[in-house]
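Survey of secondary and tertiary structure
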Amino acid sequence: MSIPAIRARALVKWFGEGSTKTLAIRDVNLDAAFGEMLYIVGPSGSGKTTLLSILSGILRPNEGSVVVKGQDIWSLDDDALAEFRLNTVGFVFQDYHLFPRLTTAENAAIPLILKRRPWTESLDVARHYLEIVGLAERADLPPVKLSGGEQQRVAIARAIVAEPDLLILDEPTASLDGETGRRIVEFVRSHVLNEARCIVIVTHDSRIAEFADRTITMEDGRITGEVRGA
């Protein structure tokens, strides 16, 4: 049997204490496979982004475990956890988080620079991935010169430039019009997903539902349903 990309068990996360304590995640169990594009959907406040942050090693749960490629990530110390995030996870944020004073290529190269790869080599690899996302001719422009869809593709190039095993996208179409959003997610499915990579997308956008292999529904911090296919 192959090792799951992600196996989460009995996850609980709360914020605050005493009378202000709020449960954000309640006894969540989840598996995700390599070669799978998994959606997590639900209303605002249902715990989607909190769960995403726990799965990707950003937010520590109060209870439970997350095993990625056979390693319980929340048993790691802070240094090892930072290495896990750098080497295993690519994250595409809702608001892109591009650096305005850097060029498109420099933005895409950041994960390699953090790995202490040589500057010129990092830029060359970043340009290759910008070509993959259709932005080779925009490599020397600052983000302000790009459209919203182009900025999202730069964020995707940055997330995959170090070839992560897990790609995490938080509301990737929230700031895009419907057609651009569909093109972005269709691109991710066609050109970024492969048998050695797992992609997890948090979304509330029903217009991109057709691209999911599996969709998990959350409500009030719990998983309340699962559907395979669109």
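Residues numbered from 1 in each chain as written. Predicted model: local features only at pLDDT ≥ 70, side-chain atom pairs only at ≥ 80, totals over all residues. Heavy atoms only, no water.

**Some details on the sheet that holds strand E8 (residues 198-202)**
In a beta sheet, neighbouring strands pair by backbone hydrogen bonds and run either parallel or antiparallel. What counts is decided by this rule: Two strands qualify as a pair provided DSSP detects at least 2 bridges between them. Going along the chain from the N terminus, every DSSP run of H or I of four or more residues is numbered as a helix, and every run of E of two or more is numbered as a strand. Think of each axis as a best-fit line through the C-alpha atoms, taken over the contacting stretch in the case of a helix, with angles from 0 to 180 degrees between the N-to-C directions. Any pair of residues with heavy atoms lying within 4.5 Å of one another is described as a contacting pair.
The sheet built from six strands is open, its strands ordered E6-E7-E8-E3-E9-E10 with mixed pairing. Sheet topology places strand E6 (89-92) and strand E10 (222-228) at the edges, where each strand pairs with a single neighbour. Strand-to-strand, the axes of this sheet are offset by a mean angle of 20 degrees, without reference to chain direction. Note: E6 against strand E7 (residues 166-170), four bridges, orientation parallel. Within E7, the position partnered with valine 89 by the bridge is leucine 166. Across the sheet, helix H2 (residues 78-88) lies against E6 and E7, angled at about 70 degrees from E6, the strand it touches most.

**A closer look at the side chain of aspartate 170**
The cut-off we apply is this: Only protein chains enter the calculation, and the probe is 1.4 Å; a residue is then buried if its accessible area is under 20% of its type maximum, exposed if over 50%, and partly exposed in between. The convention is simple: Lys and Arg are positive, Asp and Glu are negative, and His and the chain ends are not counted. Definition used for salt bridges: Asp or Glu carboxyl oxygen within 4 Å of a side-chain nitrogen of Lys or Arg. Nitrogen and oxygen atoms within 3.5 Å of one another constitute a polar contact, given that in protein one can donate a hydrogen and the other can accept it, and given that sequence-neighbouring residues count only through two side-chain atoms.
Looking at the secondary structure, you find aspartate 170 in strand E7. Although buried, aspartate 170 forms no salt bridge, and the nearest oppositely charged side chain, lysine 48, lies 7.3 Å from it. For aspartate 170, the side chain forms a polar contact with the side chain of threonine 49, separated by 3.3 Å. In contact with aspartate 170, not counting residues within four places along its chain, are Thr49, Leu52, Phe91, Val92, Phe93, Gln94 and Val202.

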